[in-house]
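The primary structure of each chain is shown beneath.
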Amino acid sequence: MIIKKAVGILRSGGLVAFPTETVYGLGADARNEQAILKIFAVKNRPKQNPLIVHIRSTDELYEWAAEIPPEAYQLAERFWPGPLTLILKKAKHVLACLTGGQDTVALRMPQHPIAQSLLQSFNGGIAGPSANRYTHVSPTQACHVREELGQKVDLILDGGACEVGLESTIVNLSGSEPEILRPGCITSKELEEVLGQPIKVVGKENGTLAPGMHQLHYAPRTKTILFQSHEMEAVLQNLTQEKLPVAVVTHNKTFNDTANIDFIKLSADPLFYARELYQTLRWLDRKGYKTIFIENVSTDVAWEAIRDRLVKASGMMQSLQEKN
Ligand code: TXA
Ligand code: MG
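Described below are features of the structure shown in this document.

Each value, and the rule that gives it
- Residues numbered from 1 in each chain as written.
- Chains lettered and ligands numbered in written order.
- Predicted model: local features only at pLDDT ≥ 70, side-chain atom pairs only at ≥ 80, totals over all residues.
- Heavy atoms only, no water.
- Core = buried A, V, L, I, M, F, W, Y, C linked by side-chain atoms within 4.5 Å.
- Buried < 20%, exposed > 50% of the residue type's maximum accessible area, 1.4 Å probe, protein only.
- Helix = DSSP H or I, 4+ residues; strand = E, 2+ residues; numbered from the N terminus.
- Axes fitted to C-alpha atoms, helices over the stretch in contact; angles between N-to-C directions.
- Parallel < 35°, antiparallel > 145°, perpendicular 65-115°, else oblique.
- Left-handed = near helix turned anticlockwise from the far one by under 90°.
- Contact = heavy atoms within 4.5 Å.
- 1 Å grid on protein atoms, 1.4 Å probe; cavity = no way out; pocket = protein on both sides within 12 Å on 5 of 7 lines; lining within 4 Å.
- Points joined across faces, edges and corners; volume = space filled by probe spheres on them.
- Nonpolar A, V, L, I, M, F, W, Y, C, P; charged D, E, K, R; others polar.
- Salt bridge = Lys/Arg side-chain N within 4 Å of Asp/Glu carboxyl O.
- Pairing = 2+ DSSP bridges.

The next subject is the nonpolar core. One finds Trp64, Leu75, Trp80, Leu84, Leu98, Leu107 and Leu191 to be the most contacted residues of the largest nonpolar core, which totals 49 residues. Here this core takes 5 residues from helix α2 (residues 33-43), the largest share from any one element. Grouped together as the second largest cluster of nonpolar side chains are 25 residues, Val137, Leu284, Ile306 and Ala313 included.

Following this line, the structure appears as structure tokens:
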């Protein structure tokens, strides 16, 4: 019933927020220019920052992409439906407003049952960036979408908390070599196993290819500082000289709160850490801390997406490679 309503809204050019296994998306008919422009307006997102098109099956790659290299099939077969986005050369009809004027298009087949049933009933591609205002933390629960976008969305489909909690891994297959534009829970190691070749993470500013990679992104509004585990003692000693209150996010050791210094311990398991991260940042952001200090995580590949988001949340512009 609610899916029928959602489809009606999409068909008439409206916006429907929907859950995926990664984060909530802000959906619009990917063939409707006016609807796509609404997404940019509601998110306050620059028009050159392209959107992902959510599709139902690998067969639909043909509808959106002009060139489909064998790697696309290999990765789709292994990871779709799931938290993987592929960048391919776009088909002619694909709207320039969707791709930010680029000649490539981002495609993803989500696994969440509500996203799937929406796509099935809509019977077409759904353009869907994360359902947050530009540069802010992505929503992992329906109430976050409401907080971020309120009445500007025509309908929010509530699918509870997102299982992955971080945005999809983005792999660019439109160039000479596959490359990761955004790390996600599908790791570089898993991708390499399927592709049978090394894949590099492009974390640096590189022209206009992945606008989302460049800026202060995925960020809380509170000043956020990332520190290395070995700096923990020094950070703790200097905290009293900071403007208080502050929050300190760790994941290894537990500390007791002291006056105006709150400790938050996230999981030492990357899957759970990822699931908790954005809701924790969002919650901390509301509590009026002067600064949020976050302990950086392991350089192990299982943590690569989390490291990437922590760097972005703290406004540090270094690439992943530099951090490692
Ligand atoms: O998990 C996800 O990917 C979520 C869910 C809703 O699917 N979506 C998401 O979309 O995170 P968004 O728009 O917030 O992030 C997509 C990123 C942006 O940084 C955008 O610049 C990049 O993908 N992107 C989209 N199309 C691209 C293209 N043709 N070339 C390079 N980068 C592209
Ligand atoms: Mg986003």
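Across the interface, helix α11 (residues 270-286) lies against helix α12 (residues 304-313) with an axial gap of 11 Å and an inter-helix angle of 20°. Judged by the inter-axis angle, α11 sits roughly parallel to α12. Crossing handedness for the pair α11 and α12: left-handed. The segment α11 lies against α12, with Pro270, Tyr273, Ala274, Leu277, Tyr278 and Leu281 engaging Ile306, Arg309, Leu310 and Ala313.

On to the layout of surface pockets, then. One number sums up the size of the largest pocket: a volume of about 220 Å³. In terms of lining, the largest pocket is formed by Glu21, Phe79, Pro81, Gly82, Pro83, Gln111, Glu163, Val164, Cys185, Leu271, Ala274 and Arg275. Ranked by the residues each element gives to the lining of the largest pocket, the list is headed by α11, at 3 residues. In this structure, the second largest pocket occupies an estimated 160 Å³ of space. In this structure, the second largest pocket is lined by 15 residues; those nearest its centre are Cys185, Thr187, Pro270, Leu271 and Ala302. Secondary structure elements with two or more residues in the lining of the second largest pocket: α11 and α12. Split into classes, the residues belonging to the lining of the second largest pocket amount to 11 nonpolar, 2 polar and 2 charged.

Before going further, it helps to spend a moment on the side chain of His54. Relative to the helices and strands, His54 is located in strand β3 (residues 52-54). Residue His54 is classed as buried on the basis of its relative accessible area, which comes to 3%. Other than its neighbours up to four places away in sequence, His54 contacts Phe18, Arg108, Pro110, Leu119, Gly124, Gly125, Ile126, Ala127 and Gly128.

So, about the packing of helix α7 (residues 142-149) against α11. As a packed pair, α7 and α11 sit with axes 12 Å apart at the nearest point and diverge in direction by 45°. With respect to their mutual orientation, α7 and α11 come out oblique. Seen along the crossing, α7 lies across α11 with a hand that is left-handed. Contacts between α7 and α11 involve His144, Glu147 and Glu148 on the former and, on the latter, Gln279, Arg282 and Arg286. Grouping the constituent residues of the contact of α7 with α11 by class yields no nonpolar, 2 polar and 4 charged.

Time to look at the environment of Gln116. Among the structural elements, Gln116 can be located in helix α6 (residues 113-122). Sequence separation between Gln116 and Ile294 is 178 residues; the distance between their C-alpha atoms is 35 Å.

With that settled, consider the pattern of salt bridges. Evaluation of the coordinates by the stated rule reveals 13 salt bridges. Here Glu21 makes a salt bridge to Arg108, at a shortest N to O gap of 3.0 Å. Pair noted here: Glu21 is in the loop between β1 (16-18) and β2 (25-29) and Arg108 is in strand β5 (residues 104-108), with a separation of 87 residues, a long-range link. We note that Glu21, like Arg108, is buried. Across the pair Glu148 and Arg282 runs a salt bridge whose closest N-O atoms are separated by 3.0 Å.

This part takes up the pairing of β5. Of all 5 residues that make up β5, 5 are buried, and the element is covered over most of its length. What you see with β5 is no split at all: Thr104, Ala106 and Arg108 on one side and Val105 and Leu107 on the other are buried throughout. Taken together, the 3 bridges between β3 and β5 define a ladder with parallel strand orientation. Paired with His54 across the strands is Arg108, a residue of β5. The pairing of strand β4 (residues 84-89) with β5 spans 5 bridges and is classified as antiparallel. Residue Ile87 lies in a different strand from β5, and its bridge partner there is Ala106.

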